[in-house]
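In case you want the letters, here they are:
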There are 2 protein chains.
Amino acid sequence: MTVRADRILRESQVIIGYTVYVDLVKEFYPQAEFLTTPMRQEKERCEMALKAAQDGRKTAMICSGDSGVYGMAGLVLQMAEAYPDVNVEVIPGVTAALGGGAILGAPLGHDFAVISLSDLLTPMEVIEKRLRAAAEADFIICLYNPSSRKRHDYLERACRILLEYKSYETACGYVQNIGREGEVVHLLTLAELEKTPVDMFTTVFIGNKETQMLNGCLVTPRGYRDV
Amino acid sequence: MTVRADRILRESQVIIGYTVYVDLVKEFYPQAEFLTTPMRQEKERCEMALKAAQDGRKTAMICSGDSGVYGMAGLVLQMAEAYPDVNVEVIPGVTAALGGGAILGAPLGHDFAVISLSDLLTPMEVIEKRLRAAAEADFIICLYNPSSRKRHDYLERACRILLEYKSYETACGYVQNIGREGEVVHLLTLAELEKTPVDMFTTVFIGNKETQMLNGCLVTPRGYRDV
């Protein structure tokens with residue numbers, strides 16, 4: 001969490017979020033009233049927050065990672081159109097690509113693409129087109145949502161597409177439960193990744209041609225003429 | 001800055017960085033000795049840090065944004081191979097894509113690509129290939145280093161490539177001096193962006209097909225069936 005996010009939460013009268021995230025921060029902000037909604041009730045959560053703010057209460061909505069990256073910031077801004085008196089401010093955070101990248105070393109040292117494998121809100125053919133484009137142009141690729149409650153083969157299918165363009169030896173890594181209890185880190189090749197089952201709390205990194213495993217770290221040099 | 005980065009800087013005996021960044025944090029960490037090297041002397045800076053750490057001093061190297069994204073983390077890890085007694089830990093931060101994105105609203109609400117336009121360490125044909133791939137697959141695109149001391153037409157050339165695939169009306173934005181004095185925000189179309197001169201302290205955002213300008217904000221909905 002950033003120093004700025006912490007300061008704003010200390011000043012908030014109402015803090016709203018998904019139950020799991022609220023439970024993580026509750027003890028640190030005793031001044032605030034906490035409101036929660038379960039998963040999938042994102043619109044209801046935004047409405048709660050906007051109504052509390054319209055009532056004149058200083059209200060914070062919390063997400064994990066960065067609220068702008070597959071987070072709630074966009075939805076709040078869209079729904080805020082109906083609440084013209086509410087002033088919305090987005091506070092940046094550390095998204096899983098950065099948090100997980102730091103744990104692995106420095107995989108994102110050059111141009112990278114972030115792709116969610118969840119087809120809940122995006123057609124599978126759009127996801128596959130993006131995987132192909134990112135692989136063919138040798139981006140480092142960071143995958144969010146590599147598994148879901150209902151679907152366990154997202155990552156395997158993605159790896160099969162990436163292997164059409166990237167070598168079997170491509171340096172990869174993944175991190176489970178970034179910065180939380182049960183944090184697990186793995187370095188492996190793209191061929192190994194294809195055969196690896198991961199859960200929905202995993203962030204996956206696929207290197208570019210230059211990415212190396214160095215002393216247990218995943219590192220992409222900044223440029224082709226570096227070091 | 002994250003709460004964790006702040007805590008580590010408070011505990012550091014030596015803090016090393018590019019002169020400009022050291023000047024920004026100096027007053028907050030009076031316990032530390034500060035060492036600096038000017039721009040372009042990145043290897044010397046890493047060596048200084050690794051030597052101080054090898055001497056048994058708790059040493060922090062600082063960057064702007066996230067040290068893993070076009071930052072110094074990769075170089076430190078590569079050079080640390082020659083210092084087997086030094087234990088390197090990477091602390092994640094808020095890269096300009098996230099910091100600038102929050103100021104603009106929520107442009108990075110769906111799959112995105114981060115591309116540096118600097119051809120100092122990367123051949124121009126690799127950069128152009130990545131621009132084409134990202135545009136064709138309808139990624140949101142965040143551009144770093146859209147201008148340099150010597151070259152002022154990087155952004156114009158990039159926009160011309162993107163316009164082969166993206167509409168002239170594509171919602172775009174840019175932020176100068178993110179989170180610093182002189183912060184400036186602009187929303188504009190891709191056609192307007194092509195004609196806009198920017199400096200090297202600017203981060204540029206080019207939307208996907210769904211990105212909208214909403215009440216002075218740049219917002220990309222999370223999915224095609226959202227709201």
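Rules used throughout
Residues numbered from 1 in each chain as written. Chains lettered and ligands numbered in written order. Predicted model: local features only at pLDDT ≥ 70, side-chain atom pairs only at ≥ 80, totals over all residues. Heavy atoms only, no water. UniProt positions renumbered as here; feature names shortened; annotations may be inferred. Pairing = 2+ DSSP bridges. Helix = DSSP H or I, 4+ residues; strand = E, 2+ residues; numbered from the N terminus. Axes fitted to C-alpha atoms, helices over the stretch in contact; angles between N-to-C directions. Salt bridge = Lys/Arg side-chain N within 4 Å of Asp/Glu carboxyl O. Buried < 20%, exposed > 50% of the residue type's maximum accessible area, 1.4 Å probe, protein only.

Per an unreviewed UniProt entry, the recorded name for chain A is Precorrin-3B C(17)-methyltransferase, and the organism is Clostridium segne. Checking UniProt for chain A, the heading Pathway (unreviewed entry) contains the comment "Cofactor biosynthesis; adenosylcobalamin biosynthesis."

Novice: Help me understand the sheet that holds strand β2 (residues 33-37) of chain A in this model?
Specialist: All names here are of chain A. An order of β2-β1-β3 is seen for the three strands of this open sheet, with the pairing classed as parallel. Each having just a single partner strand, β2 and β3 (59-62) make up the two edges of the open sheet. Ignoring strand direction, the axes of neighbouring strands in this sheet form an average angle of 20°. One ladder, built from five bridges, connects strand β1 (residues 14-18) with β2; its direction is parallel. The residue bridging isoleucine 15 from the neighbouring strand is phenylalanine 34, located in β2.

Novice: Hey, could you run me through the pattern of salt bridges in this one?
Specialist: If the charged atoms of two oppositely charged side chains come close together, the side chains can form a pair. Residue and element names in this part refer to chain B. A complete count under the given rule lists 30 salt bridges over all chains for this structure. Close ionic contact of arginine 157 with glutamate 128 constitutes a salt bridge, the shortest N to O distance being 3.1 Å. Of this pair, arginine 157 sits in helix α7 (residues 154-162) while glutamate 128 sits in helix α6 (residues 124-136), and the two are 29 residues apart along the sequence. The partly exposed category is assigned to glutamate 128, whose relative accessible area is 21%.

Novice: Looking at this model, I keep getting lost on unusual backbone geometry. Mind explaining?
Specialist: For residues other than glycine, phi is negative in most cases, and the peptide bonds are mostly trans. In the Ramachandran plot, tyrosine 70 of chain A falls in the positive-phi region, its phi being about 50° despite a non-glycine side chain. Position of tyrosine 70 of chain A relative to the elements: it lies in the loop between β3 and α4 (73-79). For tyrosine 70 of chain A, a relative accessible area of 16% translates into the label buried. In the Ramachandran plot, asparagine 145 of chain B falls in the positive-phi region, its phi being about 50° despite a non-glycine side chain. For asparagine 145 of chain B, the location among the structural elements is in the loop between β6 (140-144) and α7. For asparagine 145 of chain B, a relative accessible area of 32% translates into the label partly exposed.

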